[in-house]
Amino acid sequence: EADIYQTPRYLVIGTGKKITLECSQTMGHDKMYWYQQDPGMELHLIHYSYGVNSTEKGDLSSESTVSRIRTEHFPLTLESARPSHTSQYLCASSEGEGGYTFGSGTRLTVV
Amino acid sequence: SQQGEEDPQALSIQEGENATMNCSYKTSINNLQWYRQNSGRGLVHLILIRSNEREKHSGRLRVTLDTSKKSSSLLITASRAADTASYFCATDLQYGNKLVFGAGTILRVKS
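Notes on the structure in this doc start here. Just so it is clear, the structure is predicted and the values come from calculations on it, not from any experiment. (Residues numbered from 1 in each chain as written. Chains lettered and ligands numbered in written order. Predicted model: local features only at pLDDT ≥ 70, side-chain atom pairs only at ≥ 80, totals over all residues. Heavy atoms only, no water.)

**Notes on the state of the cysteines**
Move 1: All told, the structure shown has 2 disulfides over all chains when counted by the stated rule.
Move 2: Here C23 of chain A engages in a disulfide with C91 of chain A; their sulfurs sit 1.9 Å apart. Handedness of the C23 of chain A-C91 of chain A disulfide follows from its S-S torsion of about -75°: it is left-handed. Of this pair, C23 of chain A sits in strand β3 (residues 19-25) while C91 of chain A sits in strand β9 (residues 87-94); the two residues are 68 residues apart in sequence, bridging distant segments of the chain. Like C91 of chain A, C23 of chain A is buried.
Move 3: In this model C23 of chain B forms its disulfide with C89 of chain B; the gap between the sulfur atoms is 2.0 Å. Judged by the sign of its S-S torsion, about 60°, the bond between C23 of chain B and C89 of chain B is right-handed. Here C89 of chain B lies in strand β9 (residues 85-93) and C23 of chain B lies in strand β3 (residues 19-24), a separation of 66 residues in the sequence.
Move 4: The exposure class assigned to C23 of chain B is buried, which follows from its relative accessible area of 1%.
Move 5: Residue C89 of chain B is classed as buried on the basis of its relative accessible area of 1%. (Disulfide = S-S within 2.5 Å. Helix = DSSP H or I, 4+ residues; strand = E, 2+ residues; numbered from the N terminus. Buried < 20%, exposed > 50% of the residue type's maximum accessible area, 1.4 Å probe, protein only.)

**Quick notes on the pairing of β3 of chain B**
Residue and element names in this part refer to chain B.
Move 1: Taking every second residue as pointing to the same face, the buried face of β3 carries A19, M21 and C23, while none of T20, N22 and S24 on the other face is buried.
Move 2: In terms of strand pairing, strand β1 (residues 5-7) meets β3 through 3 bridges, oriented antiparallel. Along β3, the bridge assignment pairs E5 with S24.
Move 3: Relative to strand β8 (residues 71-76), β3 runs antiparallel, the two being bridged by 6 bridges. In the sheet register, N22 faces β8, and the bridge partner there is S73. (Pairing = 2+ DSSP bridges.)

Have a look at this one:
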């Protein structure tokens, strides 16, 4: 958990605001992922990247966008937040066929 | 669930007892991984078992994989209160190059 950082840890914002959730890793992993998780539920992949300038949408439809300009940085942006976006967002990275390293997550509440 | 389902959904045991969690999946995999998640935090990778392996050990953890039944089990021996967490299985699909998570098993170990 110490090698991948997510900020902020908690965020409460009003409907219609634009927000960016930050994710950075220091391990030099090429692959990075964003998952969405509601309390007590499974994780749903919303975006992933296999390297710089490579981004793909995941299995769960999401109104968010991502960018990968640097290997270590994979921010997620919501242009106009809605209450339905209230959830926990988890960032992860991996290398080869190994396990994923997850950040501590950002718990987002849209009011 | 898209791919994996854990059983049981919740498990409550006494400290010192063994805990067994099961995971079933639907399509061919490269490997299967188990993760732990403490309340409100990110996931921690526990163990990875490849599709050509049948059993793997790590400390108090024992994982089995039966590809003919498309199922896996995680055994935690001599459980401790600190093992209280949610446990997720995740499958690395043979055609997909990304992890798909199940809904998890909530384990409570009473001291």
